[in-house]
Amino acid sequence: MDQLVRRQMADRSARPPAGPAGQSEPDPARAPCPVQVVAEALRRPARRRGKELEAAIFEATLDQLTSGGFARLTMEGVAAAARTGKAALYRRWASKVELVIDALDSTLPRPADTPALGSARAELHYLVESFVSVSRSRAGGAMSAVMAELDHEQAELFKDFMAQRMLEPTKGVILDILRRGAERGDVRPGAATPVVADVVPAMLLYRVKVCGRQVGPEFVDQLVDEVLVPLIRP
C-alpha cells in the first residue's frame, strides 16, 4: 500500500501544473513561431473601406505597372499588394484596364492654366517643364509603361483616356498662351491653331514612347527655343 501511494504522488508531481478551470498549461514546444504569426497577420486582408482602400489599391496598381509593366499586372497581384481580397477589386472594376485607367486618373495631376509671366516664351517654358515633371513622376512612368506595350484594342481605350484627360486640356492651355502672346505682340497673328498646339505633346510623346528616352531640362530648353519660339515668332 505504501508503495502504491508513493507511486501516485510521484505521478502527480510529474504532471504539468493545471491552468485555469483545471486545464493544463500549453506546451511551449507546440506554441506558434512568432515569425509565422507575423507573416500570417501580414497576409491577412486589411480591414479598410472606401477611399482608404481605394487609395491602397491605386498605390499597388502603380507599383505593379512601374515594376513589371501592364502585361504582368494581374488583379490577384494588385489585391495581394494592397492587402485586400480579389473580390474587393472586382466589385469596383470589371477588368484590369478599367482599374489602371482609374488609378492613373486619380494620380495624374490635371493640366492647369499657366500663370501670366510676361512673355509667350516664359509661359511655354513653364508649361513644358510641368509636362516633363509629370512624365518623370511615378504616375507618368506608369502611363509610359502602359502605352509601350498595349495591343490595338486596349490602346484604343487608353488613347481616349489620354486624349480627354491630358492631351486636349494641355492643348487648350497652349492655345491660351498663344492668344495672350498675340495680344501682347510677341506671338505672330494666326499662330494659335490646333496644329501648333499639337507640337508640344507630339514631341514629348515621340521622345518618350518612340525613342524611349528620358526628357529633362536640356530637352525643355531645346523644344522651346529651337522649335516653339521660331514657330510662333512675329
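Before reading further, recall that the structure is shown in the block above.
These remarks concern the structure in this document.

1. Notes on the environment of Ala82
1) Next: With respect to the helices and strands, Ala82 occurs in the loop between helix H4 (75-81) and helix H5 (86-90).
2) Next: A sequence separation of 28 residues divides Ala82 from Glu54, and the C-alpha atoms of the two residues are 9.2 Å apart.

2. Re the pattern of salt bridges
1) Next: Scanning all chains against the criterion turns up 12 salt bridges.
2) Next: The partner of Lys86 in a salt bridge is Glu76, with the nearest N and O atoms 3.4 Å apart. Linking Lys86 in helix H5 with Glu76 in helix H4, this pair joins segments that are 10 residues apart in sequence.
3) Next: Lys86 sits in the partly exposed class, given a relative accessible area of 39%.
4) Next: A single salt-bridge network, built from bridges that share partners, covers Glu123, Arg180, Arg184 and Asp186.

3. Looking at the environment of Phe58
1) Next: Looking at the element boundaries, Phe58 is found in helix H3 (residues 50-68).
2) Next: Given the relative accessible area of 8%, Phe58 is considered buried.
3) Next: Sequence separation of Phe58 and Ile101 is 43 residues, and the distance between their C-alpha atoms is 10.0 Å.
4) Next: Among residues more than four places away in sequence, those in contact with Phe58 are Trp93, Leu99, Asp102, Ala103 and Ser106.

4. Notes on the packing of H3 against helix H8 (residues 138-149)
1) Next: One way to put it is that H3 packs onto H8 with a least axis distance of 8 Å and a crossing angle of 55°. By the criterion of interaxial angle, the relationship of H3 to H8 is oblique. The two elements H3 and H8 meet at a crossing, and its hand is left-handed. Contacts from Glu59, Leu62, Asp63, Leu65 and Thr66 of H3 reach H8 at Arg138, Gly141, Ala142, Ala145 and Val146.
2) Next: Across the contact of H3 with H8, the residue classes break down as five nonpolar, two polar and three charged.

5. Describing helix H6 (residues 96-107)
1) Next: Along its 12 residues, H6 runs 16 Å from first to last C-alpha, staying within 8% of the 16 Å computed at 1.5 Å per residue.
2) Next: Taken together, the buried positions of H6 are occupied by Lys96, Val97, Leu99, Val100, Ile101, Ala103 and Leu104.

6. Thoughts on the packing of H3 against H6
1) Next: Across the interface, H3 lies against H6 with an axial gap of 9 Å and an inter-helix angle of 105°. Here H6 runs roughly perpendicular to H3, going by the angle between their axes. Here H3 contributes Ile57, Phe58, Thr61, Leu62 and Leu65 to the contact with H6, which in turn contributes Leu99, Val100, Asp102, Ala103, Leu104, Ser106 and Thr107.
2) Next: Each residue belonging to the contact of H3 with H6 can be placed in one class, and the counts come to eight nonpolar, three polar and one charged.

Reading guide: rules and limits
All residue numbers refer to position in the chain's written sequence, counted from 1. Note on the predicted model: pLDDT of at least 70 is required for a residue's local features to be given, and 80 or more for side-chain atom pairs to be given and counted; whole-chain, interface and lining totals, by contrast, use all residues. Think of the side-chain values as coming from all heavy atoms in the structure, minus any hydrogens and water. Elements are defined by DSSP. Helices are runs of H or I of four residues or more, strands are runs of E of two residues or more, and each kind is numbered from the N terminus. For this analysis, a salt bridge means a side-chain nitrogen from Lys or Arg found within 4 Å of a carboxyl oxygen belonging to Asp or Glu. Three labels apply to residues, based on accessible area from a 1.4 Å probe with only protein chains included: buried if under 20% of the type maximum, exposed if over 50%, partly exposed otherwise in between. We call two residues in contact when some of their heavy atoms are within 4.5 Å. Axis angles are defined between N-to-C directions and span 0 to 180 degrees, where every axis is a line fitted to C-alpha atoms and, for a helix, only to the segment in contact. Put simply, angles under 35 degrees are roughly parallel, angles over 145 are roughly antiparallel, angles from 65 to 115 are roughly perpendicular, and the rest are oblique. Should the near helix be turned anticlockwise from the far one by less than a right angle, the crossing is left-handed, and should it be turned clockwise, the crossing is right-handed. Amino acids outside the nonpolar list (Ala, Val, Leu, Ile, Met, Phe, Trp, Tyr, Cys, Pro) and the charged list (Asp, Glu, Lys, Arg) are all regarded as polar, and Gly is one of them. Expected helix span is computed as 1.5 Å times (number of residues minus one).

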